[in-house]
Amino acid sequence: TVPSDAEAARNESRWFLQNVCLANAAQLMGRTDYSKYEEEAAAARKRLRKNGVPEAHLREMENFATNVIRSTTTAQNADQGPDLCIQGYKT
């Protein structure tokens, strides 16, 4: 089935936030592949802006995701960061 415009927009927002989260988690884990997630987040952000989402809203969403992953990730649970990101955006 073809997703509705509303569903596609909602999924784009999730894709953006998931990649912001994964970029931060991977960076905190010391992984060098975090830049691929940053690139995906940037592409999703561009599509969202093209579709009329205000930059201020995108910054707010990005700051929220960044603050959540950075405030909940410690040296003891850094390896669980990506799991947190993926779980958070599956629902």
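Residues numbered from 1 in each chain as written. Predicted model: local features only at pLDDT ≥ 70, side-chain atom pairs only at ≥ 80, totals over all residues. Heavy atoms only, no water.

Scanning the protein from N- to C-terminus turns up 4 helices and 0 strands. Element-wise, carbon and sulfur atoms account for 52% of the exposed surface of the protein, whose accessible area totals about 6000 Å². (Helix = DSSP H or I, 4+ residues; strand = E, 2+ residues; numbered from the N terminus. Areas by Shrake-Rupley, 256 points an atom, 1.4 Å probe, with all protein chains shown as cover.)

In this section: the packing of helix 2 (residues 34-50) against helix 3 (residues 55-72). Between helix 2 and helix 3, whose axes approach to 10 Å, the crossing angle comes to 145°. As for how helix 2 packs across helix 3, the hand of that crossing is right-handed. Listed contacts from helix 3 to Arg45, Leu48 and Arg49 of helix 2 are Glu55, Leu58, Arg59 and Glu62. Looking at the contact of helix 2 with helix 3 residue by residue, the classes come out as 2 nonpolar, no polar and 5 charged. (Axes fitted to C-alpha atoms, helices over the stretch in contact; angles between N-to-C directions. Left-handed = near helix turned anticlockwise from the far one by under 90°. Contact = heavy atoms within 4.5 Å. Nonpolar A, V, L, I, M, F, W, Y, C, P; charged D, E, K, R; others polar.)

Turning our attention to the pattern of salt bridges. It is possible for side chains of opposite charge to pair when their charged atoms get near one another. Under the counting rule described, the total for this entry stands at 6 salt bridges. Arginine 45 serves as the salt-bridge partner of glutamate 62, at 2.6 Å between the closest nitrogen and oxygen. Here glutamate 62 is found in helix 3, whereas its partner arginine 45 is found in helix 2, with 17 residues between them in sequence. Residue arginine 59 is joined to glutamate 55 by a salt bridge in which the shortest nitrogen-to-oxygen separation is 3.8 Å. Here glutamate 55 and arginine 59 lie together in helix 3, a separation of 4 residues that amounts to about one turn. Taking the relative accessible area as the measure of exposure, arginine 59 reaches 43% and is therefore partly exposed. (Salt bridge = Lys/Arg side-chain N within 4 Å of Asp/Glu carboxyl O. Buried < 20%, exposed > 50% of the residue type's maximum accessible area, 1.4 Å probe, protein only.)

It is worth spelling out the environment of glutamate 39 at this point. Along the chain, glutamate 39 turns up in helix 2. Assessed through its relative accessible area of 57%, glutamate 39 is described here as exposed. When the C-alpha positions of glutamate 39 and valine 20 are compared, they lie 9.4 Å apart, and in sequence the two are 19 residues distant.

In this section: helix 3. Taking 1.5 Å of rise per residue, 18 residues should cover 26 Å, and helix 3 covers 26 Å from first to last C-alpha, within 8% of that figure. For helix 3, the set of buried residues is Leu58, Met61, Ala65, Thr66 and Ile69. For helix 3, the buried positions fall inside an angular range of 125° around the axis, keeping them on one side. Residues of helix 3 that are exposed and angled more than 90 degrees away from the buried face: Glu60, Phe64, Asn67 and Ser71. (Expected span 1.5 Å × (residues − 1). Arc of directions from axis to C-beta.)

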